[in-house]
Structures are given as structure tokens and as C-alpha cells.
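In case you want the letters, here they are:
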Amino acid sequence: MTTYPSIDELKAQARRLRQAMAERGDDISHSTALELIAKQHGLRDWNTLSALAAKPNDGPDAPFDVGSAVRGRYLNQPFTGKVLAMSAKSGGLYKITIHFDEPVDVVEFESFSAFRQRINAQVDADGVSPRKTSNGVPHLILDI
């Protein structure tokens, strides 16, 4: 799991960036500087960075996190992909959004196909969905 500087340090980085840009004649707002700091840390926006930085000393609750490459089986079809979003839910479950590297055909019939490339699911810390298909197989199983 990546550890981020404290929120105070990140805000100080944004102030230094603003000052350096102003010295070059390029004035930017504080919010723009915060967004640029988030991009520098490889994240999409300041809200994501500040949420991750708020708990720098916490260990990972799950062996996967936002940005993690994952693989496993979705509706019994193999996949590889990337975790786009994740949040803790009650009961030790996580709401997770995965973008598959290649679309997965989730229909077993030969007469038609239904491809999925981005899914939302719930999984436990072992990466197994509590929801199951009619034959008892979990919807999502991550190889951890």
C-alpha cells in the first residue's frame, strides 16, 4: 500500500507550487495547485489524495486497493483488470469497481453474447463475493 504525506504537507506542497508558478508569472488558484499535487502523486483529484492521506498509518484492510492490478473469475469467466474504486461496507465487505483489461463474455449460450468490461461488486477481505450464481459459485472471485 502506498503511503502519502500528511494533508498538511500536501497543502504546503501546493502553496510552494503556487509560489513557484507566481514567480514565473503563471498565477494559479490554490484549488488548481491541489489538483496538480494529486496528479503528481498519480491520483485523479485532490479529494482522492486527501482521503488516502488521511489514514497514512493504517494497514490495508484488504490485499487489494484502488489502482491494484487484479485477476480472477467473474461469473466463472477468467479476467485481468484494475481496481478503479473501493469502499468499505458493513460486515467486512468492500464495494469494488473493476475495469477488465479485455471485455468478458458473461453469457454461456452460443447463440448470443453479453460482454462486460467494468463491474461493481461486493467482496470480502479474501476477494470473494457473497452473491452466488444459481449453481452456488460466487459472482466474483479475486486471485489473491
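What counts, and at which threshold
- All residue numbers here refer to positions counted from 1 along the written sequence of the relevant chain.
- Side-chain atom pairs in this predicted model are given and counted only at pLDDT of 80 or more, local residue features only at pLDDT of at least 70, and totals for whole chains, interfaces and linings cover all residues.
- Side-chain numbers come from the whole structure's heavy atoms, not from hydrogens or water.
- Each helix corresponds to a stretch of at least 4 residues labelled H or I by DSSP, and each strand to a stretch of at least 2 residues labelled E; elements are numbered beginning at the N terminus.
- Remark: exposure states derive from per-residue accessible area (1.4 Å probe, protein chains only) relative to the maximum for the residue type, with buried under 20%, exposed over 50%, and partly exposed in between.
- As used throughout, the charge tally considers Lys and Arg to be positive and Asp and Glu to be negative, leaving His and the chain termini uncounted.
- Any Lys or Arg side-chain nitrogen found within 4 Å of a carboxyl oxygen on Asp or Glu counts as a salt bridge.
- Think of a polar contact as two N or O atoms within 3.5 Å of one another; within protein, one of them needs to be a possible hydrogen donor and the other a possible acceptor, and neighboring residues in sequence only count if both atoms come from side chains.
- For this analysis, residues touch if any pair of their heavy atoms sits within 4.5 Å.
- Only buried Ala, Val, Leu, Ile, Met, Phe, Trp, Tyr and Cys residues count toward a nonpolar core, and they belong to the same one when joined by side-chain atoms within 4.5 Å.
- Note on pairing: DSSP must find at least two bridges between two strands before they are called paired.
- Note on method: axes are straight lines fitted to C-alpha atoms, helices fitted across the in-contact stretch only, with angles between N-to-C directions ranging 0 to 180 degrees.

The protein is annotated in an unreviewed UniProt entry as Glyoxalase-related protein domain-containing protein of Rhizobium miluonense.

Asker: Teacher, can you tell me more about the environment of A88 here?
Answerer: Tracing the chain through its elements places A88 in strand 2 (residues 77-88). What makes A88 exposed here is its relative accessible area of 61%. Each C-alpha atom of the pair A88 and L52 lies 13 Å from the other, and the pair is 36 residues apart in sequence.

Asker: How should the side chain of D105 be read in this particular structure?
Answerer: Tracing the backbone through its elements, the reader meets D105 in strand 3 (residues 94-105). Buried charge without a partner: D105 forms no salt bridge, and the closest opposite charge is R116, 7.4 Å away. At a separation of 3.2 Å, a polar atom in the side chain of D105 contacts the main-chain amide nitrogen of V107. A polar side-chain atom of D105 sits 3.0 Å from a polar atom in the side chain of S113. Discounting residues that sit within four places of it in the chain, D105 has contacts with Q77, S113, A114 and F115.

Asker: Please clarify how the nonpolar core should be interpreted in this entry.
Answerer: The tendency in soluble globular proteins is for nonpolar side chains to be buried as a group. F79, I96, I98, L140 and L142 are the most contacted members of the largest nonpolar core, which totals 18 residues. Only strand 1 (69-74), strand 2, strand 3, strand 4 (115-123) and strand 5 (140-142) provide two or more residues apiece to this core. Considering every element that reaches this core, the biggest residue donor is strand 3, with five residues. Grouped together as the second largest cluster of nonpolar side chains are 12 residues, A14, A33, A38 and A53 included.

Asker: Explanation requested: the sheet that holds strand 3 in the structure shown.
Answerer: As a general point, the strands of a sheet are linked pairwise by backbone hydrogen bonds and lie either parallel or antiparallel. Across the sheet, five strands lie side by side as 4-3-2-1-5; this open sheet has antiparallel pairing. Only two strands of the sheet have a single neighbouring strand rather than two, namely strand 4 and strand 5. Taken pair by pair, the neighbouring strands of this sheet meet at an average axis angle of 40°, ignoring direction. Two elements, strand 2 and strand 3, share seven bridges in a ladder whose sense is antiparallel. Residue pairing across strands places M86 opposite I96, the latter belonging to strand 3.

Asker: In this structure, what is going on with helix 3 (residues 46-53)? I would like to understand it.
Answerer: Helical geometry note: an α-helix holds 3.6 residues per turn, so side chains three or four residues apart project in the same direction. By the burial criterion, the buried members of helix 3 are W46, T48, L49, S50 and A53. Summarising the contacts, the buried residues of helix 3 are in contact with helix 1 (7-23) and helix 2 (30-40). Where helix 3 starts, the residue carrying a side-chain oxygen 3.4 Å from the main-chain nitrogen of N47 turns out to be D45.

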